[in-house]
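Tertiary structure, described
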Amino acid sequence: MKKLKFIQNTAFYNLFMSGDKNSKGRLCMLQSSILTGIIGSLTGGIFYSGFLLGHGINIVNAGIITFIPLIATIFGLFSPMILERFPKRRKILLISRSAYYLINIGGLTILPQIVRGEQEKLIGFSIIVFVASAINSLFSSGFSVWHINFLPNDVRADYFNISNIITNALMGLVVLISSLIADSLAGSPMQLTIITILRVIGLVFAALDVYTLSKPHEAPYESTPGKKIKLSDTFTLPFKHKKYILTMFVMFCYTFASSLTASVINVYLLDNVGVTYTFINVITAVYFIFFIIFGGASKRLIRRTSWFTAFAKSIFFLCPTYILYSFVNHENYVWLMLIVRLTQHLLSVSITIAYANFPYINLPSTDRTNYMAFYAFNVNIASLIGMMCGTGFVKLIGVNKIVIFNIGFESVQFLMLITGLLMALLSVFVTVFRNKLEPDEQI
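First, a word on what this report is: a plain description of the structure on this page. Not measured: the values here are computed from a predicted model.

The next thing to look at is helix α18 (residues 333-361). Taking 1.5 Å of rise per residue, the 29 residues of α18 would be expected to cover 42 Å, and the 39 Å separating its terminal C-alpha atoms lies within 8% of that figure. Maximal helix bending in α18 amounts to about 40°, located at S348.

Looking now at the pattern of salt bridges. By the definition in use, this model includes 4 salt bridges. Of the charged contacts, one joins D158 and K299 as a salt bridge, the two residues approaching to 2.5 Å between their closest N and O atoms. One end of the pair, D158, is in helix α9 (residues 156-184); the other, K299, is in helix α15 (residues 287-304), and 141 residues separate them in sequence. Here the two residues D158 and K299 agree in accessibility, since each one is buried. Linking D158 and R303 is a salt bridge whose minimum nitrogen-to-oxygen distance equals 3.8 Å. One end of the pair, D158, is in helix α9; the other, R303, is in helix α15, and 145 residues separate them in sequence. Its relative accessible area of 55% is what places R303 among the exposed residues.

What follows is about the nonpolar core. The biggest cluster of nonpolar side chains holds 120 residues, and the ones touching the most others in it are L269, F311, M337 and F358. Top contributing element to this core by residue count: α18, with 13 residues. The residues touching F311, leaving out its near neighbours within four places in the chain, are V250, Y254, I351, A354, Y355, F358, L426 and V430.

Here the focus is the packing of aromatic side chains. Under the definition given, this model contains 22 aromatic pairs. Summarising the aromatic geometry, the rings of Y254 and F311 are spaced 5.5 Å apart at their centres and angled 70° between planes, so their arrangement reads as edge-to-face. Of this pair, Y254 sits in helix α12 (residues 242-259) while F311 sits in helix α16 (residues 307-316), and the two are 57 residues apart along the sequence. Like Y254, the residue F311 is buried in the burial classification. Ring geometry for F429 and F433: centres 4.7 Å apart, planes at 35°, overall tilted. Looking at F433, the relative accessible area reads 31%, which means it is partly exposed. Grouped by ring-pair contacts, the aromatic residues Y254, F308, F311, Y355 and F358 constitute a single cluster. Between the NZ or CZ atom of R97 and the centre of the ring of F143, over which it lies, the distance is 4.3 Å. The ring of F51 carries R199 above its face, with NZ or CZ at 4.7 Å from the centroid.

Computed from the structure, the largest pocket encloses a volume of approximately 220 Å³. Lining the largest pocket are 15 residues, with N272, V394, G398, E410 and S411 sitting closest to its centre. For the lining of the largest pocket, the element with the most residues is helix α13 (residues 265-273), which contributes 4 residues. Residues that form the lining of the largest pocket fall into these classes: 7 nonpolar, 4 polar and 4 charged.

What counts and what doesn't
Residues numbered from 1 in each chain as written. Predicted model: local features only at pLDDT ≥ 70, side-chain atom pairs only at ≥ 80, totals over all residues. Heavy atoms only, no water. Helix = DSSP H or I, 4+ residues; strand = E, 2+ residues; numbered from the N terminus. Expected span 1.5 Å × (residues − 1). Bend = angle between axes of the 7 residues up to and from the residue. Salt bridge = Lys/Arg side-chain N within 4 Å of Asp/Glu carboxyl O. Buried < 20%, exposed > 50% of the residue type's maximum accessible area, 1.4 Å probe, protein only. Core = buried A, V, L, I, M, F, W, Y, C linked by side-chain atoms within 4.5 Å. Contact = heavy atoms within 4.5 Å. Phe/Tyr/Trp six-rings, centres within 6.5 Å; stacked < 30°, edge-to-face > 60°. Lys NZ or Arg CZ within 6 Å of the ring centre and 35° of its normal. 1 Å grid on protein atoms, 1.4 Å probe; cavity = no way out; pocket = protein on both sides within 12 Å on 5 of 7 lines; lining within 4 Å. Points joined across faces, edges and corners; volume = space filled by probe spheres on them. Nonpolar A, V, L, I, M, F, W, Y, C, P; charged D, E, K, R; others polar.

This is how it looks when you write it as structure tokens:
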């Protein structure tokens, strides 16, 4: 009985095991988060870059394929016009998620077995990624609107912290084992075979994710009485709420800065620096440990100051890590990448928890599909512009170097410096405008 009472007093029990509909919904959200994390680890990130490289896609073309999903986010603008017509949306959301997984994972995996030419592969990859991403953009905001009911304000910090701990722990374990297998076959044609097998395994986890998402209850959706469904609402409604639109601006700036190197960094590390899959993924795998050790401190920082203050302080200290990252090369990457990436892990605990709440912190109670569609469009456009700028910059500079104080920087290294500067500027902006960002009750 004492053990049971101890468990009942934990945040985990209150969040996921208390027996009410909301806790069951949060448990399904957690399970889906774990599954999508594993799917992303097996079919995205460094393995995705390796898959493209293995099929003859160079760094610039890999970058283009990487930001194609963001071009397709334009379809997200039509999401409210479709979803607001359905009082119950479970079935259409599950069908859309299934189609996305089948096309994006299955289609990309099968294509190289059918098409042999490098140019044909590039075109085929681009079409498949665009179609899958368009489907995902049309319907993904529906899941956010559905699931926000399970996350009242008083449980969000605990949920985001615990969810990140568990998701990153299991995701890290899976990707670490996979990396060891892939690196053991480095230089062998079998390495690409292993990466392809991992994509098939990812498709199995995708089926489990769809099954998990079918379980939570679906509450009625609130909308303004008598309001006609209009495409323009996705843009006009957010601008009527100053705190919400300012929050979206902060998310846009952070996402843009983070995306400058997103489409090129993995290819750069694999090809130019010579980093192994295992080394990169070991660093990624230990991220959950930082949530375990520093998650409580991050929540206390948020409660003692505010969501935006904790975010601003953390991204300010990210600036020097990006400067150090720009000096990583083949000779020093073991110790320097460890210092940089582990420091970023530490700072990212508060950033991740705060950033995860930004779509909801100033979210109005009605017409939420419009606001979530705008949020998705906002961050995806920020990613698209960031990746396009980063990829275009790499193509423009080519093999040349930019010399600063007699130090030569390759294009990706220079992008790291720019990212650090943008993080510092955003920190100052959030600090100056904090009162205009925080919900009224928290000022």
